[in-house]
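Close look at the chain arrangement
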Amino acid sequence: MVNQVKGTHDIYGLEASEYGNIELRAKLLASLYGYREIKTPVLEHTALFKRAVGSSTDIVRKEMYTFEDKAGRSLSLRPEFTAGIVRSVVNNKLYAAGELPVKLFYAGPCFRYERPQAGRYRQFGQFGVEAIGAPSVYLDAEAISLGYRIIESLGFKKIVLRLNSLGDEASRRDYEKALVAYFSAHVDRMCSDCQLRLKSNPLRILDCKDPDDRKIIQGAPKIMDYLSKESAVYLKQVELALKDLGITCETDGDLVRGLDYYSGVVWEYVVADEGAPDVGAVGGGGHYDRLVEELGGPALEGVGFSLGIERLASLSSALFAGDGLENGPDFYFIPLLQEALERYFPIVEKLRLAGLVVDMPFKVRSPGTALKAASKAKAKFAVLVGPDELARGEASVKNLRTGEQVSVPEDELLSSLAKMLEKYLDELCRKMDGKDAF
Ligand code: AMP
């Protein structure tokens, strides 16, 4: 037996349904906000991530899957999407193709060589958006709100939105000076990575996960105290725009995000519903001033976020499992004799093409065994056809949740089954107490 690669996982069963559901809702909502899909390669030149994400970030220094191809090029599996998307916008001059901003959404796998743990994989799915070329408080607020609404549409009730600003270049310069002054007094007691970070990129010390270093980091100066007036006003305006949309946020002076391209507003989403397992942030994003230019494009600003699909899916299964979101067929057809199987084989196909999810075993079994199989398949209804039903031109339809059973004439099968399913789903929705937002 060959096992899966450490830190990767197979997605099947209920998790696969959740995964698909999350991507579908995210794509639908992003489309409503005017975003269009983009697909970029998983493989990119390593230089792209060094330049965009930053050579001194943990992602680039320690976590990339980097290798030489047969022609000696250094390539990396994407550890995140923004760099590849901005590269594509620049390469394909998408900024010149129409009205700005260019609004794009994406979904697909990313790869980071991290220590696997709950909610942390080496291959994981992200959904996200980028809006490039028309900087505005409202565009930032719109992106923040879209991510929030996607999470909300999955049924989560308590979404904590943490917001901060990394300021403009002047704020960043002042802040870095303050960090260097503070950490210089402590760096002898800090890890070797932090000693390097102090020289190359002091802001990245704030990402350090070493527990002893974290204690020192807690006492470090906060970016909030170094924001220029413009940056502070901008942050306040984003907060107010979100308030108008009914979204409240927590200002979190410790939030810096682990990617170098961010400047200005940055944020993270955490699901804090009662009983939610701690999987870390489900998503995060920020504004970037210079990334497009650094990748060879014009001076255009952008904003974007990405959501971690595994984290959302695991929260959804933990909080909503048992709510009836089973991924079995609507109807499980049970032929109790060979003639019934032959007669209903084409009828089952007609029902499927009419939009009903129908499954059937291809052998005749006793009613008891077949009903057990229907429950195991997590079907909502069993459709039984034995000798009596066949003689009367009927089928017996059993609701597997309530046990209720009715006879339905064969020529009314489609309309009757469709009505029964609608009633079933209606009751389920009411039971789920408005979990579905749309
Ligand atoms: P980032 O690209 O670092 O801003 O991460 C955005 C989101 O992707 C995070 O909030 C997580 O939900 C998710 N994510 C990041 N790294 C991992 C990982 N190793 N495993 C699973 N999800 C991740």
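Reference entry: report on the structure contained in this document. (Residues numbered from 1 in each chain as written. Predicted model: local features only at pLDDT ≥ 70, side-chain atom pairs only at ≥ 80, totals over all residues. Heavy atoms only, no water.)

Thoughts on the overall build of the protein chain
Condition: Starting at the N terminus, helices and strands are each numbered in turn, a helix being any DSSP run of H or I of at least four residues and a strand any DSSP run of E of at least two. Residue burial is assigned from relative accessible area. The probe radius is 1.4 Å, only protein chains are included, and a residue is buried under 20% of its type maximum, exposed over 50%, and partly exposed in between. Contacts were defined at the residue level, with two residues in contact if any of their heavy atoms lie within 4.5 Å. For every accessible area listed, the method is Shrake-Rupley and the probe measures 1.4 Å; residues are considered covered only by the protein chains on display. Counting rule applied: Lys, Arg positive; Asp, Glu negative; His and chain ends not counted. All charge positions are set by atom: Lys at NZ, Arg at CZ, Asp at CG, Glu at CD.
Regarding its fold elements, the protein chain presents 15 helices and 16 strands. For the protein chain, the C-alpha atoms occupy an extent of roughly 90 × 55 × 45 Å along the three principal directions. Relative to its 438 residues, the protein chain shows a buried fraction of 50%. For the protein chain, contacts bridging at least 24 residues in sequence account for 72% of all contacts bridging at least 6. Accessible surface for the protein chain amounts to roughly 21,500 Å². Of this, 52% is attributable to carbon and sulfur atoms. Here the protein chain carries 57 positive and 63 negative side-chain charges, and the mean point of each set is 3 Å from the other.

A short note on helix α8 (residues 211–218)
Under the convention used in this document: Picture the helix axis, draw a direction to every C-beta atom, and the arc is the one those directions span.
Restricting attention to buried positions, one finds in α8 the residues Asp213, Ile216 and Ile217. The buried residues of α8 occupy an angular sector of 100 degrees when projected down its axis, which confines them to one face. Facing away from the buried surface of α8 by more than 90 degrees, the exposed residues are Pro211, Asp212, Lys215 and Gln218. Elements that come into contact with the buried residues of α8 comprise α6 (169–184) and α7 (192–200).

Side note on the pairing of strand β5 (residues 102–111)
Convention followed: When DSSP finds at least two bridges between two strands, those strands are taken to pair.
Taken across its 10 residues, β5 has 8 buried, putting it largely inside the fold. The pairing of strand β1 (residues 36–37) with β5 spans 2 bridges and is classified as parallel. Bridge assignment links Glu37 to a residue of β5, and that residue is Phe105.

A short note on the sheet that holds strand β2 (residues 43–45)
As a reminder of what qualifies: For helices, the axis comes from a line fit to the C-alpha atoms of the stretch in contact; other axes are also lines fit to C-alpha atoms, and the angle between any two N-to-C directions lies between 0 and 180 degrees.
Strand order in this open sheet of 3 strands is β2-β4-β3, and the pairing throughout is antiparallel. The open sheet has two free edges, formed respectively by β2 and β3 (66–68), since each of these has just one partner strand. On average, each strand axis in the sheet is tilted by 40 degrees relative to the strand beside it, whichever way the strands run. Note: β3 against strand β4 (residues 74–77), 3 bridges, orientation antiparallel.

Some words on the nonpolar core
Heads up, the rule is: Nine residue types can take part in a nonpolar core, namely buried Ala, Val, Leu, Ile, Met, Phe, Trp, Tyr and Cys, and a core is a set of them joined through side-chain atoms within 4.5 Å.
Residues Phe183, Trp267 and Tyr269 are the most contacted members of the largest nonpolar core, which totals 94 residues. The leading source of residues in this core is helix α5 (residues 137–153), at 9 residues. If you look at the next biggest cluster of nonpolar residues, it comprises 23 residues, including Ile347, Met360, Val383 and Leu417.

With respect to the sheet that holds strand β13 (residues 358–359)
Pairing is mixed in the open sheet, where 5 strands are placed in the order β13-β12-β14-β15-β16. Each edge of the open sheet carries a strand with a single partner, namely β13 and β16 (405–409). Bridge count for strand β15 (residues 394–399) against β16 is 5 bridges, and the pairing is antiparallel. Across the sheet, Ala395 pairs through a bridge with Val408, a residue of β16. Running over the sheet, helix α12 (residues 338–353) touches β12 (331–335), β13, β14 (381–385) and β15 and is turned about 165 degrees from β12.

As for the pattern of salt bridges
Keep this limit in mind: The salt bridge criterion pairs a side-chain nitrogen of Lys or Arg with a carboxyl oxygen of Asp or Glu, the two atoms within 4 Å.
Considering all chains together, one arrives at 25 salt bridges under this definition. Linking Lys103 and Glu142 is a salt bridge whose minimum nitrogen-to-oxygen distance equals 2.9 Å. Of this pair, Lys103 sits in strand β5 while Glu142 sits in helix α5, placing them 39 residues apart in sequence. What makes Glu142 partly exposed here is its relative accessible area of 23%. One salt bridge in this structure joins Asp359 and Arg352, with 4.0 Å as the shortest N-O distance.

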